[in-house]
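Structural features, examined
For reference, the chains in residue letters:
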Amino acid sequence: MSLTLDIHALQTLPPSNINSDDTGAPKTALYGGVIRHRVSSQAWKKAIRDDFRHHFNAEDLGVRSKRVIDLLARRVIELAPDFDPQRAAELAKKLFTAAGIKIKDSKKTSKTETQTNTERGESKYLLFLSNRQLNEAARYIIEHPDKKPSKKEIAQLLNQYHSIDIAMFGRMLTEAADFNVDASVQVAHAIGVSETTLDFDYFTAVDDGVQRNENEVGAGMIGTVQMASSTLYRFATIDLLSLHENLAQESKTTAHAAVSFVESFVKSLPTGKLNSFANNTLPDLVYITLRDDRAVSLVHAFEEAIPQEQQDGTRGVRKAAALELAKAARAIESTYGMPTKVSFIVALDDLGKEYEGAQAVTFPELLETLPGILTAELEEQ
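Below you will find a few notes about this structure. The model shown is predicted, which means the values in this text are computed figures rather than measured ones.

What follows deals with the pairing of strand β13 (residues 342-347). Summarising burial for β13: five of the six residues are buried, a large majority. In this structure, strand β12 (residues 285-291) lies alongside β13, joined through six bridges in antiparallel fashion. Its bridge partner lying in β13, leucine 285 is registered against alanine 347. Note that β13 and strand β14 (residues 359-360) share two bridges and pair parallel. In the sheet register, phenylalanine 344 faces β14, and the bridge partner there is glutamine 359.

If you want it as structure tokens, here you go:
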């Protein structure tokens, strides 16, 4: 039994550097024998999580941090202002230790930052907890300050009330596998549909303090920044049944979460050097399919890099990319006998005209129509 929502998008970026490597250059990948512009899935997932704040209350979202002792101790004080801060931190550390999560001590932190006067404990890695899980753990400490917590009790606290982002992106604890959550969402690295050549922007800056002095000339600062432009193929998929299980909620709640992900996937943008390049684009095309077999990426449509100039003499990549994506979708359906249950196309200009069987809609119409369809499908499972 399977029910997946696949999201395909083509998005054109002008010269920009929204996701750089360790040298400061735009990330790239070798695909189809040529170098492509790449934006990592981690970068776009972070942008999606940030955009979730527009769709959900803080109570429905999670916090990812190493400073879990501070987080939990602060939550205890918020719920019980008379609770001793040092005691709160000690009990918070015991709670996580009982769960098998290794905590290392670190230098003291000021009262203004943590509202405690104790040594801060940090986990070895970023720990993903929902705000509701933090509240439940804090209440446990307040109600049982002298009780040694068992792993079973901690599991009851941390394995329920998953936030939307934990339910989607999962949680992995190598030292405490009992608290792992399987991700219900997969996000691919975005890659350019054409070959990419990195370029350099040579820039100078004037020192306003010496500009008026006729005896001093030249720039106050000189530098370079690397950049790339491309039309990206983006792909993500939602395992709706897994999302429903992770949330332990009714079908309407799962459908709302899935549609909110679609909106954030489409509208979000990593912010690397955004002030320098103002590359505030939206996708040229969004193709969404509901499947009852398995998720299917259409990245093979661009294994052969699309040339800047087409055989008919026209220039530009967007239209050619849209045609190749449509051809790939038809080939999958006919060759493997894997038709979609429902499909939608949102496209600028006439880029969506080759998507046979897909309902052509505006993005607001998609967001209005999709929840009802997903709710009905989930209720049939």
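Next, the rest of the story.
Right, let's get into the pattern of salt bridges. The final tally for this structure, using the stated rule, is 16 salt bridges. Here lysine 147 makes a salt bridge to glutamate 153, at a shortest N to O gap of 2.6 Å. A residue is classified by how much of its surface remains accessible, and lysine 147, at 40% relative accessible area, is partly exposed. A salt bridge links arginine 291 to aspartate 293, with the nearest nitrogen and oxygen atoms 3.1 Å apart. Of the residues examined, arginine 291 reaches a relative accessible area of 5% and is grouped as buried. The exposure class of aspartate 293 is partly exposed, given its relative accessible area of 27%. Within the structure, one salt-bridge network assembled from shared partners comprises Lys46, Asp50 and Arg53.

The next subject is the environment of lysine 45. The topology assignment puts lysine 45 in helix α1 (residues 41-51). Expressed as a C-alpha distance, the spacing of lysine 45 and alanine 138, which sit 93 residues apart in the sequence, is 29 Å. Residues contacting lysine 45, with those up to four places away along its chain left out, are Phe169 and Val187.

Reading guide: rules and limits
- Residues numbered from 1 in each chain as written.
- Predicted model: local features only at pLDDT ≥ 70, side-chain atom pairs only at ≥ 80, totals over all residues.
- Heavy atoms only, no water.
- Buried < 20%, exposed > 50% of the residue type's maximum accessible area, 1.4 Å probe, protein only.
- Helix = DSSP H or I, 4+ residues; strand = E, 2+ residues; numbered from the N terminus.
- Pairing = 2+ DSSP bridges.
- Salt bridge = Lys/Arg side-chain N within 4 Å of Asp/Glu carboxyl O.
- Contact = heavy atoms within 4.5 Å.

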